[in-house]
Amino acid sequence: MRIVSEQRAFGGVQSVCAHPSETCGCDMTFGLYLPPQARDGKVPVLWFLAGLTCTHENAMLKAGAQAHAAEQGFALIFPDTSPRGAGVPDDPAFDLGQGAGFYVNATEAPWDAHFAMWDYVTEELPALVFPRFPLDPDLQAISGHSMGGHGALTIAMAFPERFAAVSAFAPIANPVRSAWGQKQFRAYLGEDTTAWEPHDATLMMEDVGFPGPVLIDQGGADPYLDLLMPEALAAAMAARRQPGAFRVQAGYDHSYFFVASFIADHLDFHARAMAD
């Protein structure tokens, strides 16, 4: 692993790191923010997964999370959204291929050789960062935006023992029934829809839920509401009586202005959960 860049931020350090990935078969890049408290020992970790077309940079540069993380004393990890490079398959559409990994392990050609973002985020990257940096593996939470919200929710429900809390901004909430999901799952996972179901936050909420608290923020003026299908996840949370909150923020869209407006709430939420 190599450090691509380091900048001082709010008393801590914002780094960009790169490494060869066995899981994805290419070089991968991620952002890591270490708060000032990391100088004195291991700190809790919040993973933030980004959405369609994004890289590790989008949330790292636009969410405004570092100041709040420094106050709360926990690290931020910003993985990339897909494998990349000349040898990695791609698609002309923005919502498939590079920048659109959907946090699944592809089983269909040509994607199966590189697109293993589920294993990358849940196995390879944690195994890389926890021994190298002062991070506490027993204090983790996860969040994300849009496609990353879908990833955060499904990963949290698949690994409930790992995460104290999960939150999401405008997640793709019911991809099995949405054009943002059906297209990608068919390409990556094939025609058998039973392979899709563990990657649908609504179905996972109906099936297993999450033992910790959940916080969802959805912009009321989001132009992608018909694709995100937030009402399906809200109904599943209500039916399960899931601890947490589903909030519709009137007038807000799908952008990082929306994320930045409520990121402090989410970091406070995760700090409380990891302190319990």
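Our subject is the structure listed above.
Residues numbered from 1 in each chain as written. Predicted model: local features only at pLDDT ≥ 70, side-chain atom pairs only at ≥ 80, totals over all residues. Heavy atoms only, no water.

1. A short note on the side chain of Asn58
On the secondary structure map, Asn58 appears in helix H1 (residues 57-62). Its relative accessible area of 17% is what places Asn58 among the buried residues. In terms of polar contacts, Asn58 uses its side chain to reach the backbone amide nitrogen of Thr55, at 2.9 Å. In contact with Asn58, not counting residues within four places along its chain, are Ala63 and Tyr256. (Helix = DSSP H or I, 4+ residues; strand = E, 2+ residues; numbered from the N terminus. Buried < 20%, exposed > 50% of the residue type's maximum accessible area, 1.4 Å probe, protein only. Polar contact = N/O pair within 3.5 Å; in protein donor to acceptor, adjacent residues only side chain to side chain. Contact = heavy atoms within 4.5 Å.)

2. Brief notes about the packing of aromatic side chains
As enumerated under the stated definition, the model contains 13 aromatic pairs in all. With a centroid separation of 5.9 Å and an interplanar angle of 85°, the aromatic rings of Phe169 and Phe258 are classed as edge-to-face. Here the residue Phe169 occupies a position in strand S7 (residues 166-169), and Phe258 occupies one in helix H9 (residues 256-275), the gap between them amounting to 89 residues. Of the residues examined, Phe258 reaches a relative accessible area of 1% and is grouped as buried. Every member of this aromatic cluster is reached through a ring pair, and the members are Phe48, Phe78, Phe169, Tyr252, Phe258 and Phe262. (Phe/Tyr/Trp six-rings, centres within 6.5 Å; stacked < 30°, edge-to-face > 60°.)

3. Remarks on the pairing of strand S1 (residues 2-9)
Examined bridge by bridge, S1 and strand S2 (residues 12-21) share seven bridges and lie antiparallel to one another. Paired with Arg2 across the strands is Ala18, a residue of S2. Where S1 folds back on S2, the antiparallel hairpin that results is connected by two residues, among which Phe10 adopts a positive phi of roughly 55°. (Pairing = 2+ DSSP bridges.)

4. Points about the layout of surface pockets
Empty space among the atoms becomes apparent when a probe as large as a water molecule is rolled across them. Put simply, the largest pocket is a space of about 220 Å³. Lining the largest pocket are 14 residues, and of these Leu52, Thr53, Cys54, His145 and His254 lie nearest its centre. A per-class count over the lining of the largest pocket returns six nonpolar, seven polar and one charged. (1 Å grid on protein atoms, 1.4 Å probe; cavity = no way out; pocket = protein on both sides within 12 Å on 5 of 7 lines; lining within 4 Å. Points joined across faces, edges and corners; volume = space filled by probe spheres on them. Nonpolar A, V, L, I, M, F, W, Y, C, P; charged D, E, K, R; others polar.)

5. So, empty space enclosed by the protein
If you walk through the whole model with that rule in mind, you get one cavity of 30 Å³ or more. By volume, the largest cavity amounts to about 30 Å³. Together, Trp47, Val121, Thr122, Pro126, Gln140, Ile155, Arg162 and Phe163 line the largest cavity. When residues of the lining of the largest cavity are assigned to their parent elements, the largest contribution, three residues, is made by helix H3 (residues 117-132).

6. Some thoughts on the nonpolar core
Ranked by size, the top nonpolar core spans 91 residues in total, and within it Trp47, Ile77, Val129, Leu135, Ile142, Leu153 and Tyr188 carry the most contacts. Residue contributions to this core peak at eight residues, all from H9. (Core = buried A, V, L, I, M, F, W, Y, C linked by side-chain atoms within 4.5 Å.)

7. Describing the packing of H3 against helix H4 (residues 147-158)
Where H3 meets H4, the closest approach of the two axes is 12 Å, and the angle between their N-to-C directions is 55°. Between H3 and H4, the crossing angle belongs to the class labelled oblique. Classified by chirality, the crossing of H4 by H3 is right-handed. For the pair formed by H3 and H4, the contact residues are Trp118, Val121 and Thr122 on the first element and Thr154, Ile155 and Ala158 on the second. (Axes fitted to C-alpha atoms, helices over the stretch in contact; angles between N-to-C directions. Parallel < 35°, antiparallel > 145°, perpendicular 65-115°, else oblique. Left-handed = near helix turned anticlockwise from the far one by under 90°.)

8. Quick notes on the environment of Ala75
Residue placement: Ala75 occurs in strand S5 (residues 75-79). Since its relative accessible area comes to 0%, Ala75 is described here as buried. Taking the C-alpha atoms as reference, Ala75 lies 22 Å from Ser21; in sequence the two are 54 residues apart. Discounting chain neighbours no more than four positions away, the residues touching Ala75 are Tyr33, Leu34, Pro35, Val43, Pro44, Val45, Leu46 and Leu135.

9. Re the environment of Pro35
Within the secondary structure layout, Pro35 lies in the loop between strand S3 (26-34) and strand S4 (43-49). The spacing of Pro35 and Gln66 is 31 residues in sequence and 7.9 Å in space, taken between C-alpha atoms. Every residue in contact with Pro35, bar those within four places of it in the chain, is listed here: Gly12, Val43, Ala69, Ala70, Gly73, Phe74 and Ala75.

10. Overview of helix H5 (residues 179-189)
Where H5 is concerned, the buried positions are Trp180, Gly181, Gln184, Phe185, Ala187, Tyr188 and Leu189. One side of H5 holds all its buried residues, which, seen down the axis, span an arc of 165°. Residues of H5 that are buried make contact with H4 and helix H7 (225-228). One side-chain oxygen at the N-terminal end of H5 lies 3.0 Å from the backbone nitrogen of Trp180; it belongs to Ser178. The first or second residue beyond H5 is Gly190, which carries a positive phi of 90°. (Arc of directions from axis to C-beta.)

11. Observations regarding the environment of Met237
Along the polypeptide, Met237 turns up in helix H8 (residues 230-240). With 27 residues separating them in the primary sequence, Met237 and Phe210 have C-alpha atoms 9.8 Å apart. Each residue touching Met237, except ones within four places of it in the same chain, is listed here: Met205, Val214, Ile216, Gln242, Ala245 and Phe246.

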